[in-house]
Amino acid sequence: MAKGPRRWVNATRRAFLPLLALGACCLFGIRRADAGSRFGDSTWVAPAAMFDTLYTANGPRVAPRDHERTWETVLRTPFRVVFYPVRLVGMGLEAAADFVGPRYIDPKPKSQPTSGPRVAPFIEVGSVNDISLGAAATWVGFPVDDGKLTLAGSWSTFDGRKVRFSQAFGDQQPVGFRLGLDYDYKPNRRYYGIGNKTSETDLSYFLLSTTSAEAALLFGASPRRQVRLVGGYSSMSPGSGYHGSPLLQDVFPPSSVPYETQATQELSYGFTSDFSMLDNDRAPTHGLDGRFDLRRAVGMRSSDPDYYQWRAELRTYLPLFAKHRVIALRSIYSGVRPLDGTSTTMPFYRLPESRGTSHFAGYASERYRDQQLMLARVEYRWPLLRAIDVLGLYELGEVAPNASSFTLRAAHVSFGGGLRAGISDDAALRFELASSNEGLHAYFGVGSDF
Amino acid sequence: MHTTRGPLLGVLGLIITVLVCAPPSPGYASAGDITPAGEPPATLHAAAIDDSTWVDHDRLPIVQPPDWQPNYWGRRLHQGVIDPISHIFDIPDKLLWGARIFGANTEREAVNVNAFDEVPNSTWFTNRNHALAVPLAEMRQGPDSIFLPAKPWTIKHAKVGGWTSGFQIKDAEGKKWIVKLDPRGYPQLSSGADMVSRTLIHAAGYNVPHNEPVRFRRGDVKIDSALLHAPNGEAFTEANLDSVLAQGAVFPDSSYSAFASLFIPGHTLGSPSMNRLRPGDTNDWYSHTNRRELRGLYPLFSWINNWDTEDHQFLDMFIETRDSLGHVDHYILDLGSSFGASAIGPKALWESYENGVDFGWSGRRLVSLGFAQEPWRRARQVTGIPSVGNYESAVYQPQDFKEMIPQPAFREATDRDGYWGAKIVASFSDEQIAAAVEAAHYEDPRARDYLVSNLIVRRDKIARYWFGRVAPLDFFSVEDDVLRFRDLAVDIGLTQARAYDVVIKPSGGHSGREKRIHLTRAELPLLALADGATHLSVVLSIAGNGAASTQVELTRNGSTWVVTEVRHG
């Protein structure tokens, strides 16, 4: 229709609009606008045109079909083309979310906790290219109601092998009993030498195979407030490594590596304990958390050393003017001490080392080892997103042959930052990037870490 | 010195020129006036388009569209993470924003508004309370007549999806319902929130399902034998039922607190996507992000604190009318996470103040080492009333409300959309709000008083904010050659009577010069101003107020004037 006549038709239509509306009002008994009624009153009636709500078979639409403005399409098209690969990545992630979500995240119909075995995948990440895959089975209620059996096994891309078994009785009862068996085979453990001044360039690799068993009598229902009397057996066997180069025997003369190829077997007994007074186990903001472990190890053969072994850890949390800003302090003191004094040489693989929960930020894993290890760290944590905190850290770490050898000047200093997410009451996920005089080092850990 | 900047600046200049000279968006256009670039010629739509209509006829009979809805988790990832990141790096968006500095009109206004800047009735929306106040008696009973599921109930399916505990039932009369339990320890938390917010949202103009707060006992429920003995993994046993009920809230008389949602009549097509039209629905003409009633939900959801606004909280139903043909109706679902409630208990304190993944606040916290003070940390949200949860109005700012997953329609909303939504919120009287809260029949008397007082405070804050951005001059009509209008802020008591500055541009006929008038009442005599013109363009603003003005177009029709167009802001 030409523009002029169409305008005329519209104008006519609008002129008749009030009449149409009035008719509609009469038809449907709608209240007429009341001069006294105000907008926002319980008796408000708008001008009658708004009630012209009759549907007709061929009634009009209010506007033409909608689509992107042409000039906007022209503007956006080059960017859409250039960024299409990124969009494909996004679409892939969305497809992955659609696969994972319904299977693993969607809430399932609630059911009572059932006894019986459950099997789940078991994954551990040693490094970017060393990933362990396996399976873990738990059986709550085996062999008695308050019993719990756990069995897990994994095999890594670097031929690392792990098997863990534990059976608990009286789980979360005031008194309980736990039996554990571990097997750990790792062909690319690192060795830099013994002492606080070893060289980064002396990195070498060796194989270590460990078998251990431990029985514990537990006092205390909560693992965070518990004393455990423990007794166990441990066999450690070093060997020629692989999946790493150079090998230990190619870098260090045998005289500098005690027990380089000699396995040792120990029986041990002692106690471990946890005393936790925290406001929140998952993301503590104030309180104290102490963990202590003291054992006596007895060699099963004459060549195996007898020694004391200890580890003490204290964590302190202080809020900084508000609960969500936390200063977290952590100190560790661990060591071994031969029973006949310091004259006995300890196997290099039984020495405390900067690894796992005792790793030195800013340094490679297993970088330092000696008879004693001290670590002091201060972290400032603040929230980023829900359960994820950002952290800034400053750390001093040192190893020494005895307590009197520790000096502040010799401590290894590092600082950095990272992210921390409490994933359960006794496990956190951490990613750190820390700088030391040996450069930047990243650390990723899942477990009962700080 | 050799330089390569010349061509680059040339291209940039060309882009800015294109943007500055670009025609306005179709949302502005009156069908007979402008044919925006890219639109088919008006003649193709001559019989079908009328921007003065109060009904958008989107119920033309169509064949049933195929069932389709966006995938839940992929959509959440898209809207919650990927979309916000992509917008951060959206270069064209930045260019458009820059072009606005040079006066280009690059904002996309809502498409489905009529000449009077209102949303015509459609399968999405019906003009209700801001057009004709919903009677108090109707508010007290909720959106529909009270109609409860008859006992005993037979469980036909376990509840699938969602975080609330519950099950699907068939009542004694054979009707199908979904029963959702209130979270343990919080009777009437979700069911009360759902009832009140559904009453308000329905009165605002939206389609909502029929839900009823219910209380029942273990003995009122039995499990269908087929479900009880379904193949392993699909069976729903008595133990399962006990576990579900153990998650639910219990009244002092040991009955369970829940709400029952009647299956909506028609065929379920699935949730719509905000980013695409429904496949096969030939009545679905307008991008959902460009629909005024969806953009304008922001002030409404901000009011009731409904932070769960993702696509899956909407539902499309195919209503067969004759010969296998029908149309699609659009519903808003699951308002039980309104006010201080969430699916699993009281709202976490940050909810409604931050998106689930909030890049803005995360960045501020990161940079400030945690010293950035989020409003929710100082808001006293914890009411201590189990049926209310965490809800407040003192620290609340209407414009700072955040959804769990960013809602694309809200991102596209302009001030005009916000004003429209705020107008609907402001249309509710204190008595209507109290009546809506009464619909929930809260057993705790504190809940009723707390909700009413906070809803009133929030309503006024919303009105004050949006009416401060867009002049709330509305409902124009001509009587006895006088243009009358309402100042909504005055009507609802936010401000005293005030003065208005008016610019009148006559055109057509023997039109005279532009005139400027200062009004002290909401009335503009037209007779003396027209000077023989056949068309008047009137721009009204509030004297001494920075709110965007309102433009009204009038056309002479014989001896009288007719309002032909209204544009706010």
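Thresholds, definitions, all that
Residues numbered from 1 in each chain as written. Chains lettered and ligands numbered in written order. Predicted model: local features only at pLDDT ≥ 70, side-chain atom pairs only at ≥ 80, totals over all residues. Helix = DSSP H or I, 4+ residues; strand = E, 2+ residues; numbered from the N terminus. Rg over C-alpha atoms; globule rule 2.2 N^0.38 Å. Buried ≥ 20, exposed ≤ 12 C-beta atoms within 10 Å, placed from the backbone. Contact = placed C-beta atoms within 7 Å. Axes fitted to C-alpha atoms, helices over the stretch in contact; angles between N-to-C directions. Parallel < 35°, antiparallel > 145°, perpendicular 65-115°, else oblique. Left-handed = near helix turned anticlockwise from the far one by under 90°. Nonpolar A, V, L, I, M, F, W, Y, C, P; charged D, E, K, R; others polar. pLDDT = per-residue confidence, 0-100. Core = buried A, V, L, I, M, F, W, Y, C linked by C-beta atoms within 7 Å. Pairing = 2+ DSSP bridges.

Before going further, it helps to examine the overall build of chain B. Each helix and strand counted, chain B has 18 helices and 21 strands in total. Since a compact globule built from 569 residues should have a radius of gyration of about 25 Å, the 26 Å found for chain B is in line with a globular shape. With the C-alpha coordinates of chain B rotated into their principal frame, the extents come out at 85 × 70 × 60 Å. For chain B, with 569 residues in total, the buried portion stands at 50%. If you take every contact in chain B between residues at least 6 apart in sequence, the share linking residues at least 24 apart comes to 71%.

Moving on to helix α10 (residues 297-304) of chain B. Residues and elements named next belong to chain B. Burial of α10 is extensive: 8 of the 8 residues sit out of reach of the surface. Among all positions in α10, only L297, Y298, P299, L300, F301, S302, W303 and I304 are buried. Residues of α10 that are buried sit in contact with α6 (189-204), α9 (292-295), α13 (408-412), α14 (415-426) and α16 (445-469). Downstream of α10 by a residue or two, N305 has a phi angle that is positive, lying close to 65 degrees.

Moving on to the packing of helix α3 (residues 84-105) of chain A against helix α3 (residues 72-88) of chain B. It is at 7 Å that the axes of α3(A) and α3(B) come closest, and there the two elements cross at 125 degrees. Considering the angle they form, α3(A) stands oblique to α3(B). As α3(A) runs across α3(B), the sense of the crossing is right-handed. Residue-level contacts link A:G90, A:L93, A:E94, A:A95, A:A97, A:D98, A:V100, A:G101, A:P102 and A:I105 of α3(A) to B:Y72, B:W73, B:G74, B:L77, B:H78 and B:I82 of α3(B). Considering only residue class, the contact of α3(A) with α3(B) consists of 10 nonpolar, 4 polar and 2 charged.

Across chain A, the average pLDDT comes to 88, with 87% of residues at or above 70. Note that residues 1-33 of chain A has pLDDT below 50 and, in this model, 44 contacts with residues that lie over four places away or in other chains.

Counting 127 residues, the largest nonpolar core has B:V196, B:L300, B:V425 and B:A463 as the members making the most contacts within it. Residues in contact with B:L300, not counting those within four places in the same chain, are B:I201, B:A204, B:G421, B:I424 and B:V425. Ranked by size, the runner-up nonpolar core spans 17 residues in total, among them A:I194, A:F206, A:M346 and A:F348.

Residue and element names in this part refer to chain B. Read across the open sheet, the 4 strands follow the order β1-β11-β10-β9; overall the sheet is antiparallel. The two strands at the open ends of the sheet, each matched to only one other strand, are β1 (62-63) and β9 (267-270). Of the strand pairs in this sheet, strand β10 (residues 314-322) and strand β11 (residues 325-332) are connected by 8 bridges, and their pairing is antiparallel. Across the sheet, F318 pairs through a bridge with V328, a residue of β11.

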